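Structural features, examined
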Amino acid sequence: MRCAKGTAFFRTGTACSFASTNEWGLWDNCTLAGNTLKQFLESARRREIVRLALDHGSLAATVVLGGFVALLLFGTQVLDWYWLAVLALAGAGLAAYRVNSAAPGLYKVAQRVDAALGLKDSLSTAVHFLASDNPVAERQREQAAEAAHSADLKTALPFYRPRFAVPAAILA
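Quick caveat, the model's predicted, so the values are computed rather than measured. (Residues numbered from 1 in each chain as written. Predicted model: local features only at pLDDT ≥ 70, side-chain atom pairs only at ≥ 80, totals over all residues. Heavy atoms only, no water.)

1. Things to note about the nonpolar core
As a reminder of what qualifies: We define a nonpolar core as any set of buried Ala, Val, Leu, Ile, Met, Phe, Trp, Tyr and Cys residues linked to one another through side-chain atoms lying within 4.5 Å. Burial here depends on accessible area, computed with a 1.4 Å probe over protein chains only, as a share of the maximum for the residue type. Under 20% is buried, over 50% is exposed, and the range in between is partly exposed. Strands here are runs of E lasting at least two residues and helices are runs of H or I lasting at least four, both read from the DSSP assignment and numbered beginning at the N terminus. Any two residues having at least one pair of non-hydrogen atoms within 4.5 Å are treated as being in contact.
Membership of the largest hydrophobic core comes to 18 residues, with the highest contact counts inside it found for Leu37, Phe40, Leu41, Ala44, Val113, Leu123 and Leu157. At the level of elements, α1 (32–74), α3 (106–117), α4 (122–128), α5 (135–150) and α6 (153–156) are the ones that each hand at least two residues to this core. With residues up to four places along the chain from it excluded, the contact list for alanine 44 reads Val109, Val113, Leu153 and Leu157.

2. Topic: the side chain of arginine 47
Basically, it comes down to this: In this count, Lys and Arg are taken as positive residues and Asp and Glu as negative ones, while His and the chain termini are left out. In what follows, salt bridge is the name for a side-chain nitrogen of Lys or Arg lying within 4 Å of a carboxyl oxygen of Asp or Glu. By the criterion applied in these results, polar contacts are pairs of N or O atoms within 3.5 Å in which, for protein atoms, one can donate a hydrogen and the other can accept it, and in which residues neighboring in sequence qualify only through two side-chain atoms.
Along the polypeptide, arginine 47 turns up in helix α1. Although arginine 47 is buried, it makes no salt bridge; glutamate 48 carries the closest opposite charge, 7.1 Å away. Among the polar contacts listed, one links the side chain of arginine 47 to the backbone oxygen of leucine 157, at a separation of 2.6 Å. If we ignore the near neighbours within four places in the chain, the residues touching arginine 47 are Leu153, Lys154, Leu157, Pro158 and Phe159.

3. Considering the environment of leucine 87
Tracing the chain through its elements places leucine 87 in helix α2 (residues 81–102). The sequence separation of leucine 87 and alanine 60 amounts to 27 residues, and the corresponding C-alpha distance is 9.6 Å. Among all residues touching leucine 87, those that are not within four sequence positions of it are Val64, Gly67, Phe68 and Leu71.

4. Regarding α5
The following threshold applies: To estimate the expected span of a helix, count its residues, drop one, and scale the result by 1.5 Å. Each direction from the helix axis to a C-beta atom contributes to the arc, which is the arc of those directions.
Across its 16 residues, α5 extends 23 Å between first and last C-alpha, which sits within 8% of the 22 Å expected from 1.5 Å per residue. All of the buried residues along α5 are Ala137, Gln140, Arg141, Ala144, Ala145, Ala147 and Ala148. In a view along the axis of α5, the buried residues occupy a sector of 160°, so they form one face of it. Among the exposed residues of α5, those pointing more than 90 degrees away from its buried face are Pro135, Val136, Glu146, His149 and Ser150.

5. What about a nonpolar patch on the surface?
What counts, and what does not: Here the term patch refers to residues with relative accessible area over 30% and no salt bridge, with like charges joined within 9 Å and nonpolar side chains (Val, Leu, Ile, Met, Phe, Trp, Tyr) within 5 Å. Here the open area of atoms and residues is found with the Shrake-Rupley method and a 1.4 Å probe, where only the protein chains shown may cover a residue.
A surface patch of nonpolar side chains, amounting to about 470 Å² of accessible area, comprises Trp81, Tyr82, Trp83 and Val86. Tracing the backbone through its elements, the reader meets tryptophan 81 in helix α2.

6. Describing the confidence of the model for the protein chain
Put simply, the rule is: The predictor attaches a confidence to each residue, and that confidence, scored 0 to 100, is pLDDT.
Per-residue pLDDT for the protein chain averages 80, and the proportion of residues at 70 or more is 78%. In the model of the protein chain, strand β2 (residues 15–17) stands out as the element of lowest mean pLDDT, 32, in contrast to α3, which has the highest, 94. Under a pLDDT of 50 for its full length, residues 1–30 has, in the predicted model, 64 contacts with residues more than four places off or in other chains.

Right under this line is the structure:
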């Protein structure tokens with residue numbers, strides 16, 4: 001079922017406008033399958049960003065705690081509040097910068113999910129041909145949406161212990 005430009009057809013059968021589009025702005029001409037695929041890939045991207053935030057947040061915590069230990073060892077006025085604030089802001093800034101620079105796009109997330117679940121580039125091909133009105137591309141998007149509907153994000157993009165969790169725990 002085709003949707004009017006700027007609308008999405010949801011499972012309830014109502015056409016509603018949606019404000020968010022992907023980074024290419026290609027969700028305007030959507031199908032029911034395209035909307036399902038969009039929701040799946042955006043959920044996968046959010047999951048990947050949370051994983052990155054945990055990983056880079058533990059690095060920032062390690063830097064902040066290491067800086068605090070260095071202040072304790074070498075500083076004279078260590079417990080002044082502004083040093084702790086500077087360390088905390090530096091750590092938060094470092095984490096935010098690294099997460100922002102490492103956040104993957106929808107195509108990269110689709111490639112990762114394809115590889116993890118053995119979907120043979122089904123999702124990434126659908127993302128690549130989002131703007132196409134070709135009937136073959138539409139059928140491929142429908143197949144990708146079916147694969148996305150049966151896919152498990154926890155299996156495709158599992159959470160694991162961040163690399164710097166142990167050093168941060170040791171410094172804490």
